[in-house]
Amino acid sequence: MESIWITDVSPRDGLQNQPKHLSTHEKLALIRLLVAAGLERIEVTSFVSPSAVPQMADAADLLSLVISEFPKLQSTVLVPNLKGLERARLAGASEISVVLAATDTMNRKNINQSLADATRNCQDTVRAAKAMGMRTRTYLAVAFDCPFEGVTPVPTLLALAQQMQAVQVDEIVIADTIGSATPGRVRDCLSVLGWAIPMNQLAMHFHDTRGLAVANTWAALEAGIRRFDASAGGLGGCPFAPGAAGNLATEDLVLMAQGSGFQTNIDLGRLLDVIEFAQHKMDRPLGGRSYSWLALQKQKGDLDPRGLSQGQSDA
Ligand code: COA
Ligand code: ZN
């Protein structure tokens, strides 16, 4: 059976924009539940300015605690610049992501730099991280549309991806920051990027603003992508991109992928525990498109942890 690789970004993308701030120990409890559900890759936090994103002020403490409790977990963290990289290194990071938005305005809003400066900054940060022996990812943010500049042309995206490839970034994450992609646009975008970048070096990061994240994921799967970001319960959104809603929900991704013959090793029943915990802490309902159905199956004792319906299991 073919596998897909999921990075659960709920402790970072999920929590960075919430009015309710979790304590370091509450974040650790969330990560414990994600690990218990079978997640092997988690974006733990971001080493950004605490005045820009106060929710992530405890990045160093949280990452150290996560590494010592889960040494085998592939923890990844977001860093906006060399200062963030140095903070991440001191806390023990072995993998980082930088964020390069595809438009000038979005870079200015997000990291206070022009597109040209942001590109150099991301290249320098990736080079330095690689010299430290870290694995590196680049988010290409607002990859489909920018809330300030409109449609992102595919050739613009391709040029930025190639600039990051030039510094040997290990993974390029195509991020639909405001959730405006459609399956047709995903197919068209990947048919161009796929000429220049190996599919196993690309990942997709969808938001579910318009309810199309699962359909977009399917289009990416058909194009050959096997790496996806998602967040439990669809928790998430970017504080600097108006209109950005929650991420593709991990439970929707797992249900769709496992029911379509891909392996994820994630236990859906246990994933519901993560969502229940997050709902309790956020004091509001969460959950992707499939959450109510999954919760009902669990209540009835009918939930196959792999999300397979009767007649679909391998037995
Ligand atoms: N972590 C902590 N502090 C940082 C930092 C980092 N990675 N980078 C810079 N700083 C500090 C500087 O040391 C400086 O502190 P001082 O005033 O005490 O001297 C202050 O922040 C301003 O530094 P400057 O380089 O002028 O940064 P800026 O004000 O232009 O802000 C960023 C740039 C990148 C630090 C800030 O915009 C940021 O953190 N953005 C994060 C965006 C984000 O998380 N978006 C969501 C994810 S996509
Ligand atoms: Zn995001």
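Definitions and limits used
- Residues numbered from 1 in each chain as written.
- Chains lettered and ligands numbered in written order.
- Predicted model: local features only at pLDDT ≥ 70, side-chain atom pairs only at ≥ 80, totals over all residues.
- Heavy atoms only, no water.
- Phe/Tyr/Trp six-rings, centres within 6.5 Å; stacked < 30°, edge-to-face > 60°.
- Lys NZ or Arg CZ within 6 Å of the ring centre and 35° of its normal.
- Pairing = 2+ DSSP bridges.
- Helix = DSSP H or I, 4+ residues; strand = E, 2+ residues; numbered from the N terminus.
- Axes fitted to C-alpha atoms, helices over the stretch in contact; angles between N-to-C directions.
- Contact = heavy atoms within 4.5 Å.
- Donors = N, O, S within 2.8 Å, 3.2 Å for Na, K, Ca; no water.
- Buried < 20%, exposed > 50% of the residue type's maximum accessible area, 1.4 Å probe, protein only.
- Near = heavy atom within 4 Å.
- Polar contact = N/O pair within 3.5 Å; in protein donor to acceptor, adjacent residues only side chain to side chain.
- Areas by Shrake-Rupley, 256 points an atom, 1.4 Å probe, with all protein chains shown as cover.
- Nonpolar A, V, L, I, M, F, W, Y, C, P; charged D, E, K, R; others polar.
- Right-handed = clockwise from strand over helix to strand, strands pointing away.

The geometry of an aromatic ring pair is captured by two quantities: the separation of the ring centres and the angle between the planes. Enumeration according to the criterion identifies zero aromatic pairs in this entry. Against the face of Trp-5 rests Arg-227, its NZ or CZ located 5.5 Å from the ring centre.

With that settled, the discussion passes to the sheet that holds strand β9 (residues 171-176). Spatially, the eight strands close up into a barrel ordered β2-β3-β4-β5-β6-β9-β10-β11, and their pairing is parallel. Sheet twist, expressed as the average angle between the axes of neighbouring strands with direction ignored, equals 25°. Of the pairings in the sheet, the one linking strand β4 (residues 74-78) to strand β5 (residues 95-101) comprises two bridges and is parallel in character. Pairing of Leu-78 across the sheet is with Ser-97, part of β5. Against the sheet, helix α6 (residues 115-131) makes contact with β5 and β6 (135-141), and its axis sits at roughly 170° relative to β5, the strand it touches most.

Further remarks concern the coordination of the zinc ion (ligand 2). Coordination of the zinc ion (ligand 2) by the protein comes from Asp-13 (OD), His-205 (NE2) and His-207 (NE2), over a distance range of 2.0 to 2.2 Å. When the donor residues of the zinc ion (ligand 2) are listed from N- to C-terminus, their spacing reads D-x191-H-x1-H. In this pair, Asp-13 is assigned in helix α1 (residues 10-14) and His-205 in strand β10 (residues 202-206), connecting sequence segments 192 residues apart. Since its relative accessible area comes to 3%, Asp-13 is described here as buried. Overall, the relative accessible area of 3% leaves His-205 in the buried class.

Of all residues adjacent to ligand 1, which total 18 residues, the nearest are Ser-49, Asn-81, Arg-87, Asn-110 and Asn-112. Contacts to ligand 1 include Val-48, whose backbone N or O atom sits 3.4 Å from a nitrogen atom. Contact distances for ligand 1 include 2.9 Å between a nitrogen atom and a side-chain N or O atom of Asn-81. With the chains in place, 61% of the 920 Å² that ligand 1 exposes on its own is no longer accessible. Listing elements by their share of the shell around ligand 1, those giving two or more residues are α4 (82-90) and α5 (104-111). Top element by residues in the shell around ligand 1 is α4. It accounts for three residues. Looking at the shell around ligand 1 residue by residue, the classes come out as nine nonpolar, six polar and three charged.

Now for the pairing of strand β11 (residues 227-230). Where strand β2 (residues 5-8) meets β11, four bridges bridge the pair, whose relative direction is parallel. Its bridge partner being in β11, Trp-5 is matched across the sheet by Arg-227. Relative to β11, β10 runs parallel, the two being bridged by two bridges. From the neighbouring strand, Met-204 faces β11, where its bridge partner is Phe-228. A crossover connection joins β10 to the parallel β11 through helix α9 (residues 213-223); in handedness this β-α-β unit is right-handed.

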